[in-house]
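Single-letter residue listing:
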Amino acid sequence: MPAMHELTPRQIVVELDRYIVGQAKAKRAVAIAMRNRYRRERLGDEMRGEIIPKNILMIGPTGVGKTEIARRLATLAGAPFVKVEATKYTEVGYVGRDVESMVRDLVDAAIRMVQDERREDVREAADAAAVERIVDALYPDTRPPSAAPPMNAFAQSLGSIFGNSFQQPQATAQSAQSSGASQPSDQTRSIREQARADVLRGFFDVRMIDVDIEESAQLPIGMMGGMDPQMGGGADMSEMLGNLLPKKKSRKRLTVVEARRLFAQEEASKLIDMDAVKREALHRAGENGIIFIDEIDKVAGGGGGGGRGPDVSREGVQRDILPIVEGSTVTTKHGAVKTDHVLFIAAGAFHMSKPSDLIPELQGRFPIRVELDSLSVDDFKTILTQPKNALTQQYVQLLAVEGVALTFAPDGIEQLATYAMKVNEQTENIGARRLHTVLERLLEDVSFAAPEEHGAVNVDATYVRERLSDIVESANLSTYIL
């Protein structure tokens, strides 16, 4: 797949079509928003700072693809992405989550993304170092002489207080160890090379060895000032002073394959510059981050509430969200991040309210409004067969593990789509999510008996009607079962 900057809006829509059925208007809107980011990056510094993203408001019933469009777009762009529920937040002064936590969650997502990339970059070097540690554990006599480790910062601090007598015993022991070490002989090198090859080909995978695993030093100090650990001011004392304390090691007995995995993680952590990771993550969150605010209609006023009761809190949440969307600086435990260029995508069904019930200032910050269409029978048929992750293919591959050859006939697909649409009309319209409940009910007997009864199962219209017609035709049963 081409890089994101190489994709035109038309190509972005094509990529989204592989996973999401219909909703062409919403796909076009998000594709243009992502291409505008590429265009903005090519501008001069002065104009680049003036151009802000055009936030999007998606309006449509549940289960039509609002969340999936945003999630797939973020994956396609390789951008930090978080999905939050507007109903989880409370205005300042009330017990609950404050709206700035959505930005902190975005930074955390960016940190994990950059860390994973850095780990992949150093994976080979970390694995090579892990193999050397495994060889050291298998043949400790062949361990090469190591240079004296640097004095721990905590020990240096104590030495400056109590004098050189605190550091002298350690220095003496280290010099004695290094003076007694000699260059490895040809036989030692041969043993290590053979052991290294055996570890790499898996010869020692099941052998148990005793290894020392590093553990971060934990301070029983708690939080400074009792403040929120997510905030910069309430920094975690353990995180601040952890690097000053000597690393605690615990001895464990593990198989070679498990020890190699743990050693590789430790060595990768040593090779990664966390300060650089944080800087890059903060930049990505501020420049390329995407925040998807779901259920925005639940914090919109119902109209005519007179500013009493829950409407007061709803409007307070909107007013707290407003500066985040407008662009502000949010302090996180990793540093400050500006939200001026974060793309916000809000979504809601707006059954009981309408977009105009949002406060005017917030409405103005979502200039692009896209109405998503309700799904039809033909859309259901397409969802069941065409996407790369089609539901029918998921069940085919799941049951193939048990030796069951599951096939779906075209008339069976059509009957399934018809029943799903009918249940949505009779009860609550939950969109494509209804297909999950219908398919689970249809294949319940096959899934239960699959380990004992192998063979072929063809899902045609007759098969579907035999198992679902009674439930679908009964409105009461549909309500509680499907």
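Here, residues in each chain are numbered from 1, in the same order as that chain's written sequence. Reporting in this predicted model follows two pLDDT cut-offs: at least 70 for local features of residues, and 80 or more for side-chain atom pairs to be given and counted; totals over whole chains, interfaces and linings ignore these cut-offs and use all residues. In computing side-chain properties, one takes all heavy atoms of the structure into account and sets aside hydrogens as well as water.

Visitor: I'd like to hear about the pattern of salt bridges, residue by residue, with values.
Guide: We define a salt bridge as a side-chain nitrogen of Lys or Arg found within 4 Å of a carboxyl oxygen belonging to Asp or Glu. Inspection of the entire model under this criterion finds 29 salt bridges. Among the ionic contacts, a cluster of salt bridges with common partners joins Glu-132, Asp-136, Arg-192 and Arg-196.

Visitor: Describe the side chain of Arg-37, listing the residues and the values that go with them.
Guide: A run of H or I in DSSP counts as a helix once it spans at least four residues, and a run of E counts as a strand once it spans at least two, with each numbered from the N terminus. By the element assignment, Arg-37 lies in helix H2 (residues 24-41). Burial classification: accessible surface area is computed with a 1.4 Å probe over protein chains only, and a residue below 20% of its type maximum counts as buried, one above 50% as exposed, and the rest as partly exposed. Charge counting follows a simple rule: Lys and Arg are positive, Asp and Glu are negative, and His as well as the terminal groups are ignored. Within the buried core, Arg-37 has no salt-bridge partner, and the shortest N-O distance to an opposite charge, that of Glu-41, equals 7.1 Å. At 2.7 Å, the side chain of Arg-37 forms a polar contact with the backbone oxygen of Gly-289. For Arg-37, the residues in contact, after removing those within four places along its chain, are Glu-287, Asn-288, Gly-289, Ile-290, His-341, Val-342 and Leu-343. Between N or O atoms, a polar contact is any pair within 3.5 Å; within protein, one atom must be a potential hydrogen donor and the other a potential acceptor, and residues adjacent in sequence are included only when both atoms are from side chains. The criterion used for residue contact is that any of the two residues' heavy atoms lie within 4.5 Å.

Visitor: Break down H2 for me, citing the residues and quoting the values.
Guide: Working rule for helices: expected span equals 1.5 Å times residues minus one. Across its 18 residues, H2 extends 26 Å between first and last C-alpha, which sits within 8% of the 26 Å expected from 1.5 Å per residue. For H2, the complete set of buried residues consists of Ala-26, Lys-27, Ala-29, Val-30, Ala-31, Ala-33, Met-34, Arg-35, Arg-37 and Arg-40.

Visitor: So what's going on with the sheet that holds strand E1 (residues 56-59)? Residues and values would help.
Guide: Two strands make a pair as long as DSSP finds a minimum of two bridges between them. Read across the open sheet, the 5 strands follow the order E2-E5-E8-E1-E9; overall the sheet is parallel. The two strands at the open ends of the sheet, each matched to only one other strand, are strand E2 (81-85) and strand E9 (368-371). Strand-to-strand twist across the sheet, computed as the mean angle between neighbouring axes with direction ignored, equals 20 degrees. Note that E2 and strand E5 (residues 290-294) share 5 bridges and pair parallel. Where helices are involved, their axes are fitted lines through C-alpha atoms of the stretch in contact, as for all axes, and angles between N-to-C directions lie from 0 to 180°.

Visitor: If you had to explain the packing of aromatic side chains to someone new, which residues and values would you point to?
Guide: Only Phe, Tyr and Trp rings take part, Trp by its six-membered ring, and two of them pair if their centres are within 6.5 Å. Stacked means planes under 30 degrees apart, edge-to-face means over 60, and tilted covers everything else. Applying the stated criterion across every chain, the model contains 1 aromatic pair. Between Phe-203 and Phe-204, the ring centres sit 5.1 Å apart and the planes meet at 80 degrees, which makes this aromatic pair edge-to-face. Residue placement shows Arg-72 over the ring face of Tyr-19; its charged tip is 3.9 Å from the ring centre. Over the aromatic face of Tyr-463 sits the side chain of Arg-467, whose NZ or CZ is 3.7 Å from the ring centroid. Only lysine NZ and arginine CZ atoms are considered, and such an atom sits over a ring when it is within 6 Å of the ring centre and within 35 degrees of the ring normal.

Visitor: A description of the environment of Thr-87 should follow, citing residues and the corresponding values.
Guide: Relative to the helices and strands, Thr-87 resides in the loop between E2 and helix H5 (101-121). Separated by 209 residues in sequence, Thr-87 and Ile-296 place their C-alpha atoms 7.6 Å apart. Not counting chain neighbours up to four residues away, the residues in contact with Thr-87 comprise Glu-295 and Lys-298.

Visitor: Now, about the packing of helix H17 (residues 410-426) against helix H20 (residues 461-473): what can you tell me, with residues and values included?
Guide: Taken N-terminus to C-terminus, the directions of H17 and H20 make an angle of 10 degrees; their axes are 9 Å apart at the nearest point. Accordingly, the angle class assigned to the pair H17 and H20 is roughly parallel. Residues Asp-411, Gly-412, Gln-415, Leu-416, Tyr-419, Lys-422, Val-423 and Gln-426 of H17 touch H20, and the partners they reach there are Ala-461, Val-464, Arg-465, Leu-468, Ser-469, Val-472 and Glu-473. Charged residues are taken to be Asp, Glu, Lys and Arg, nonpolar residues to be Ala, Val, Leu, Ile, Met, Phe, Trp, Tyr, Cys and Pro, and polar residues to be all remaining types, Gly included. Among the residues making up the contact of H17 with H20, the classes are represented as 7 nonpolar, 4 polar and 4 charged. Throughout this description, any angle smaller than 35 degrees is read as roughly parallel, any larger than 145 degrees as roughly antiparallel, any in the 65 to 115 degree range as roughly perpendicular, and the remainder as oblique.

Don't take any of this as a statement about function, it's just geometry.
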